[in-house]
Amino acid sequence: MKRSELDPEDIVIKEYNSPTGGWGSLKSLIKKAEENGQLASDIWAMLGEQNKPDGFMCVSCSWAKPREPSSFEFCENGAKATIWEHDPKRADPDFFARHTVTELRDWNDHDLEKTGRLSAPMKYNPDCDKYEPIDWNVAFREIAAELNRLNPDDVIFYASGRASLEASHMYQLFARIYGSNNLPDSSNMCHESTSVGLPKSIGSPVGTVQLEDFAKCDMIFFIGHNVGVNAPRMLHPLQEARKRGVPLVAFNPLPERGLVRFKNPQSPTEMLSPGPGTEMSSDFLQLKSGGDLSVLTGICKHLLVLEDDAQKAGTPAVLDHDFINQHTSGFDEFCAFLRAANWDEIVKRSGIERAEIERIAALYASKERVIANYGMGLTQHREGVENVQMLCNMLLMRGNIGKEGAGISPVRGHSNVQGQRTVGISEKPELVPLDKLAEFYRFEPPRHKGKDTVEACEGMLNGTVKGFIGLGGNFSRAVPETALVEKAWRRMDLHVQIATKLNRNHLLTTRATYLLPCLGRSERDTQVSGDQWVSMEDSTANIHGSFGSRDPASDKLLSEPAIVARLAMATCNDKADVPWQAWVDDYAKVRDAIERTYPDDFKDFNQRFTHPGGFHRNIVACKREWKTDNGKANFITPRNLDTDPDVHANGLDVLTLLTIRSNDQFNTTIYGYDDRLRGIHGTRMVVLLNAQDIARLGLEDGEMVDLVTATTDGIDRRVEGLRVVPYSIPAGNCAGYYPELNPLMPLFHHSRTAHVPAAKSIPVRIEKTLRPTTPVAQ
Ligand SMILES: Nc1nc2c(c(=O)[nH]1)N[C@H]1C(S)=C(S)[C@@H](COP(=O)(O)OP(=O)(O)OC[C@H]3O[C@@H](n4cnc5c(=O)[nH]c(N)nc54)[C@H](O)[C@@H]3O)O[C@H]1N2
Ligand SMILES: Nc1nc2c(c(=O)[nH]1)N[C@H]1C(S)=C(S)[C@@H](COP(=O)(O)OP(=O)(O)OC[C@H]3O[C@@H](n4cnc5c(=O)[nH]c(N)nc54)[C@H](O)[C@@H]3O)O[C@H]1N2
Ligand SMILES: [Mo]
């Protein structure tokens, strides 16, 4: 089998004008299940268990699960993720016997995962260039021997945010007993700007909004998040708010469908009525990528003007003076910054007219309970942390943090990415209760800072990183600098992946390479004490139980906690006093250990986690207690309005590329080639461009071009064979799909303080494709 080639006849690009949700999503779902050879009746039975108090938590996004779920509490994309996990096909030892790894490296992301579930532990044999089956015990023994030959500081323990709280807590403990704080997480490419920004602003690394707040708010900001695709169940509370007449102000360079119109597929009356669905945004600011800091500054600046006017007129104040005086610090400096900010610059950087920004400021000033949601459009910039802090500043000016119906709401990515950080997966030792771990388990944890994702890549490139263990994910495909990272990877000594499905990262073999297949979350996990529950934390800091009941994909699979425990026992059982086997026998004991380590957040963990709606962690910022250095909420003044210094330094023909997700993918998992909501069918190799730029650059609709990164460091970063698609996007910006465009992201192009790769602002040039290209299904 060769890398699949797409039939150019199948490529259809046409505008999509229907709402998100609606019949389109159900049709697409059923088609996916049938393509997979799955029985519709079985699929519906399985989906009926999704996000239910006694069922399993969705493996797709991290949006909150309601206390009273509807009979089908899932969305199109959550259902796709479940169906994908339940693939009837197997990437089994027979499959690996038929294909060399070199051959598989030529396959694309979609075709690799489509081979089905990994069903047996495998080890790479360089003599025949194939993965071959290996006994679990032998695999653990060999990996342990390799680890014990390496220096712990040279090994990376990556986690992609899906594994449960139980597996994650065990994983970080294993890494630390072995001697490493190198615990990067997918969060390092995602909401780390939040985790670094919010603690300084409000003393909490996570948001303050809960599901109930949506029913009480009177205004919503929605910034840089494609809700209809990436957290579709969130459309339900948003729609309810819109139906109450609550204004929703969206900032986005693209007119994403979920921000325009929505029909709830779970409401028969809405589905049967011919109408266009709910208008989701009352106000849509189609700003330039990176323009958020400017628009937010403009809004805050105008609030000061409205405050001055109110004082002169003797009308009620616009700023919440009591809150600012009692609870905050840094306001005077921030005011000085706002007063000095220049409107011409604000308008130029954002592409939004001053009158429009002032109108939104006046609207905001008229509302009492305001929620601000945001996603990758805010965090994946060089100044992603400053973006997050500026949004906080805006909320603090009117006391919109720590009151009902208001607050800051980062919409996280993976279903347990927030929870992994909560239970100790962090490269930053100061965020982990190391003294307790030392006392409970009698070992001396490493105290120096570990490597985050960017630093792990740097270590691979400079040859200091020698081993990599992945608890899920597709690291090499998700990070920047694809070409160099892939090349450097092969020089390492050890590569271990704990995974459900085959991906490109698994094909980067090292001196010793192992694939360890694990149970998926919807599968029954039977241990000595019986069938096990696991748990996870959603975006609103609620902890939920999850119980898988489907038959495992193979009887050779082990659970993630079992794999981690057996790796730990084989590698460093003598270095600490951890009851690994007892934990695997009964996960309730791991939950007791988590509660003991984090008593404030996990009080009565085992008693409460299966309650409908879960239980809320103790986030004291919700009660206006600020765990900051000065005990106050802080206004943090940005240095200037420039969110991406790398972009502006590069001259006229440089466009800012934003890399985005389609409606048919979960991160690097590509379900198919139809981005229905953007009207792009049959290909992912596109570059969305403004019509003015197409004309200015002498291009044509449908022409094939290359994108080249506009840097001066001498590295040729290029992606060939992209189809020009005219699209509604600000002039000077262009967009295309992640992960295909990751080879364009320089490793140095990341947030200064959080190290999140700046995936929404990559400086690129367009070059005409010289040789004819067959469109490949990359
Ligand atoms: N179905 C599905 N669900 C998912 C995922 C998936 O791949 N598929 N991924 C999961 C993960 S890990 C994550 S992190 C989340 C990601 O969910 P999102 O946060 O929605 O991330 P993106 O899809 O990258 O889209 C970001 C949005 O920001 C906009 N944007 C780009 N640049 C800017 C800017 O400068 N300013 C503003 N205001 N907007 C901008 C883009 O147009 C896009 O609409 O979703 C999670 N859920
Ligand atoms: N250019 C660009 N790059 C980006 C982004 C972007 O917007 N633009 N977004 C970034 C973001 S927000 C994120 S979160 C990262 C995502 O980076 P990762 O989290 O590393 O990548 P995923 O694609 O989510 O990982 C998919 C793989 O996880 C494995 N898997 C699936 N389910 C399970 C499970 O239950 N257990 C185990 N052990 N393995 C499982 C499967 O083998 C599958 O192939 O990418 C980042 N990279
Ligand atoms: Mo993410």
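Counting from 1, residues in each chain are numbered in the order their sequence is written. Here every chain gets a letter starting at A, and every ligand a number starting at 1, in the order they are written. Per-residue local features are limited, in this predicted model, to residues with pLDDT of at least 70; the limit for side-chain atom pairs, both in listing and counting, is 80 or more; totals at the level of whole chains, interfaces and linings are taken over all residues. The basis for every side-chain value is the complete set of heavy atoms in the structure, and neither hydrogens nor water enter the calculation.

Engineer: How would you sum up the packing of helix H22 (residues 453-462) against helix H24 (residues 482-489)? Please name residues and give values.
Structural biologist: Each pair of packed helices can be described by the angle between their axes along with the distance between the axes. A fitted line through C-alpha atoms represents every axis, and for helices the fit uses only the stretch in contact; the resulting angles, taken between N-to-C directions, go from 0 to 180 degrees. Only DSSP runs of H or I with at least four residues qualify as helices, and only runs of E with at least two residues qualify as strands; both kinds are numbered from the N terminus onward. Interhelical geometry of H22 versus H24 gives an angle of 60° and a closest axis separation of 8 Å. In terms of their interaxial angle, H22 and H24 are classed as oblique. Of the two elements, H22 crosses H24, and the hand of that crossing is left-handed. Taken together, the residues of H24 that come into contact with H22 (itself represented by Cys457, Met460 and Leu461) are Leu484, Val485, Ala488 and Trp489. Among the residues forming the contact of H22 with H24, the class breakdown is seven nonpolar, no polar and no charged. Each angle receives one of four descriptions, namely roughly parallel if under 35 degrees, roughly antiparallel if over 145, roughly perpendicular if within 65 to 115, and oblique otherwise. Definitions for this section: a left-handed crossing has its near helix turned counterclockwise from the far helix by less than a right angle. A right-handed crossing has that turn clockwise. By the convention used here, residues are in contact when the closest approach between their heavy atoms is within 4.5 Å. Under the grouping applied here, Gly and all other residues not named as nonpolar or charged are polar, the nonpolar ones being Ala, Val, Leu, Ile, Met, Phe, Trp, Tyr, Cys and Pro and the charged ones Asp, Glu, Lys and Arg.

Engineer: A description of unusual backbone geometry should follow, citing residues and the corresponding values.
Structural biologist: In the segment running from tyrosine 738 into proline 739, the intervening peptide bond is cis, with an omega of 0°. Tracing the chain through its elements places proline 739 in the loop between strand E33 (733-737) and strand E34 (762-768). Despite not being glycine, arginine 442 has its phi angle at roughly 50°, a positive value. Relative accessible area serves as the criterion here: at 62%, arginine 442 is assigned to the exposed category. In this structure, glutamate 481 is a non-glycine residue whose phi angle is positive, near 60°. By the secondary structure assignment, glutamate 481 is in the loop between helix H23 (475-478) and H24. Exposure classes here rest on a 1.4 Å probe applied to the protein chains alone. A residue is buried below 20% of its type maximum, exposed above 50%, and partly exposed in between.

Engineer: Could you give me a rundown of the sheet that holds strand E21 (residues 533-537), with the residues and numbers involved?
Structural biologist: Note on pairing: DSSP must find at least two bridges between two strands before they are called paired. Overall, antiparallel pairing links the three strands, which are arranged E21-E22-E23 in an open sheet. Strands at the two margins of the open sheet, each flanked by one partner only, are E21 and strand E23 (615-616). Sheet strands touched by helix H8 (residues 165-178): E21 and strand E22 (542-547). Its angle to E21, the strand with the most contacts, is close to 80°.

Engineer: Can you tell me about the site of ligand 2, naming the residues and giving the values?
Structural biologist: Taken together, 33 residues form the shell around ligand 2, and within it Glu113, Tyr158, Lys501, Thr668 and Asn742 come nearest. By the criterion applied in these results, polar contacts are pairs of N or O atoms within 3.5 Å in which, for protein atoms, one can donate a hydrogen and the other can accept it, and in which residues neighboring in sequence qualify only through two side-chain atoms. Note that an oxygen atom of ligand 2 is positioned 2.9 Å from one of the side-chain N or O atoms of serine 160. At 3.0 Å, a side-chain N or O of threonine 659 approaches a nitrogen atom of ligand 2. Only the protein chains shown count as cover for residues, with accessible areas throughout obtained via the Shrake-Rupley method and a probe of 1.4 Å. Coverage of ligand 2 by the protein chains reaches 96% of its 930 Å² of free accessible surface. Looking at the shell around ligand 2, the elements that each hand over two or more residues are H23 and strand E17 (494-499). Of the residues that constitute the shell around ligand 2, the class distribution is 13 nonpolar, 14 polar and six charged. Residue ranges for the domains originate in an automatic or database domain assignment. Residue contributions to the shell around ligand 2 reach at least three from each of two domains, namely domain 1 (143-190 + 418-609) and domain 3 (655-768). Whether a residue is near a molecule or strand depends on its heavy atoms: it is near if one of them lies within 4 Å of it.

Engineer: Hey, could you go over the layout of surface pockets for me, with residue numbers and the actual values?
Structural biologist: There is about 1,100 Å³ of room inside the largest pocket. Site definitions follow a grid-based scheme: protein atoms alone, a 1 Å grid, a 1.4 Å probe that fits but cannot get out for cavities, and for pockets an open set with protein on both sides within 12 Å along at least five of seven lines, plus lining residues having an atom within 4 Å of a point. Lining the largest pocket we find 35 residues, and of these Pro199, Gly203, Pro205, Leu431 and Arg617 sit closest to its centre. Where the lining of the largest pocket is concerned, the elements lending two or more residues are helix H9 (192-202) and helix H20 (417-422). The greatest single-element share of the lining of the largest pocket, amounting to five residues, is contributed by H9. In terms of residue class, the lining of the largest pocket is made up of twelve nonpolar, eleven polar and twelve charged. When residues of the lining of the largest pocket are sorted by domain, at least three fall in each of domain 1 (143-190 + 418-609) and domain 2 (197-411). Grid points are joined across faces, edges and corners, and a volume is the space filled by probe spheres set on the points.

Engineer: Residues and numbers for the site of ligand 1, please.
Structural biologist: Surrounding ligand 1, one finds 30 residues, the nearest of these being Asn252, Glu256, Gly290, Asp292 and Asn667. Contact between ligand 1 and methionine 376: an oxygen atom at 2.8 Å from a main-chain N or O atom of the residue. In the environment of ligand 1, a nitrogen atom lies 2.8 Å from a nitrogen or oxygen atom belonging to the backbone of glutamine 665. In isolation ligand 1 offers 910 Å² of accessible surface; the protein chains occlude 99% of this area. Elements with a minimum of two residues in the shell around ligand 1: helix H10 (227-230), helix H18 (376-379) and strand E26 (665-666). Tallied by class, residues from the shell around ligand 1 come to eleven nonpolar, 15 polar and four charged. Residues lining the shell around ligand 1 come from more than one domain, with at least three contributed by each of domain 2 (197-411) and domain 3 (655-768).

Engineer: Give me the lowdown on empty space enclosed by the protein, citing residues and values where you can.
Structural biologist: Enumeration according to the criterion identifies six cavities of 30 Å³ or more in this entry. Its volume calculated, the second largest cavity comes out at about 70 Å³. If you trace the second largest cavity, you find 14 residues lining it, with Pro53, Met57, His544, His611 and Gly613 closest to the centre.

Engineer: Describe the packing of aromatic side chains, naming the residues involved and giving the relevant values.
Structural biologist: When the centres of two rings from Phe, Tyr and Trp lie within 6.5 Å, Trp using its six-membered ring, the rings pair. Their planes under 30 degrees apart give stacked, over 60 give edge-to-face, and anything left gives tilted. Across all of its chains, the model carries 31 aromatic pairs by this definition. Judged by centre distance (6.1 Å) and plane angle (90°), the ring pair of phenylalanine 221 and phenylalanine 251 falls under edge-to-face. With phenylalanine 221 in strand E8 (residues 219-223) and phenylalanine 251 in strand E9 (residues 248-251), this pair connects stretches of sequence that are 30 residues apart. For the pair formed by phenylalanine 221 and phenylalanine 251, the shared burial category is buried.

Engineer: Go over the pattern of salt bridges, please, and point to the residues and values.
Structural biologist: We define a salt bridge as a side-chain nitrogen of Lys or Arg found within 4 Å of a carboxyl oxygen belonging to Asp or Glu. Considering all chains together, one arrives at 48 salt bridges under this definition. Glutamate 481 is paired through a salt bridge with arginine 717; the nearest N and O atoms lie 2.4 Å apart. In this pair, glutamate 481 is assigned in the loop between H23 and H24 and arginine 717 in the loop between strand E31 (704-709) and strand E32 (718-726), connecting sequence segments 236 residues apart. Taken individually, glutamate 481 and arginine 717 each receive the classification buried, so the pair is uniform in this respect.

Engineer: Account for the pairing of strand E14 (residues 370-374), naming residues and giving values.
Structural biologist: Counting buried residues in E14 gives five out of five residues, a clear majority hidden from the surface. The side-chain alternation of E14 yields two buried faces, one formed by Val370, Ala372 and Tyr374 and the other by Ile371 and Asn373. Looking at chain direction, E14 and strand E15 (residues 407-410) are connected through four bridges and run parallel. Following the sheet pairing, isoleucine 371 is matched in E15 by glycine 407.

Engineer: Which residues make up the state of the cysteines, and what values go with them?
Structural biologist: In plain terms, two cysteine sulfur atoms within 2.5 Å form what is called a disulfide here. Per the counting criterion, the structure on display carries zero disulfides. Between cysteine 58, a cysteine without a disulfide, and cysteine 75, which holds the nearest cysteine sulfur, the sulfur-to-sulfur distance is 6.2 Å. The class for cysteine 58 is buried, based on a relative accessible area of 4%.

Engineer: Could you give me a rundown of the UniProt feature "domain: Molybdopterin dinucleotide-binding" (unreviewed entry) in the chain, with the residues and numbers involved?
Structural biologist: UniProt positions are given in the numbering used here, feature names are shortened, and annotations may be inferred rather than shown by experiment. The UniProt feature table records "domain: Molybdopterin dinucleotide-binding" (unreviewed entry) at residues 655-710. In residues 655-710, the share of helix is 11% and the share of strand is 43%. The end C-alpha atoms are 9 Å apart.

Engineer: Break down helix H25 (residues 560-572) for me, citing the residues and quoting the values.
Structural biologist: In this scheme, a helix's expected span is set at 1.5 Å multiplied by one less than its residue total. Look at H25: 18 Å from first C-alpha to last across 13 residues, which is about the 18 Å you get at 1.5 Å a residue. Within H25, burial applies to Glu560, Pro561, Ala562, Ile563, Val564, Ala565, Leu567, Ala568, Thr571 and Cys572. N-cap assignment for H25: the residue whose side-chain oxygen lies 3.1 Å from the backbone N of alanine 562 is serine 559.

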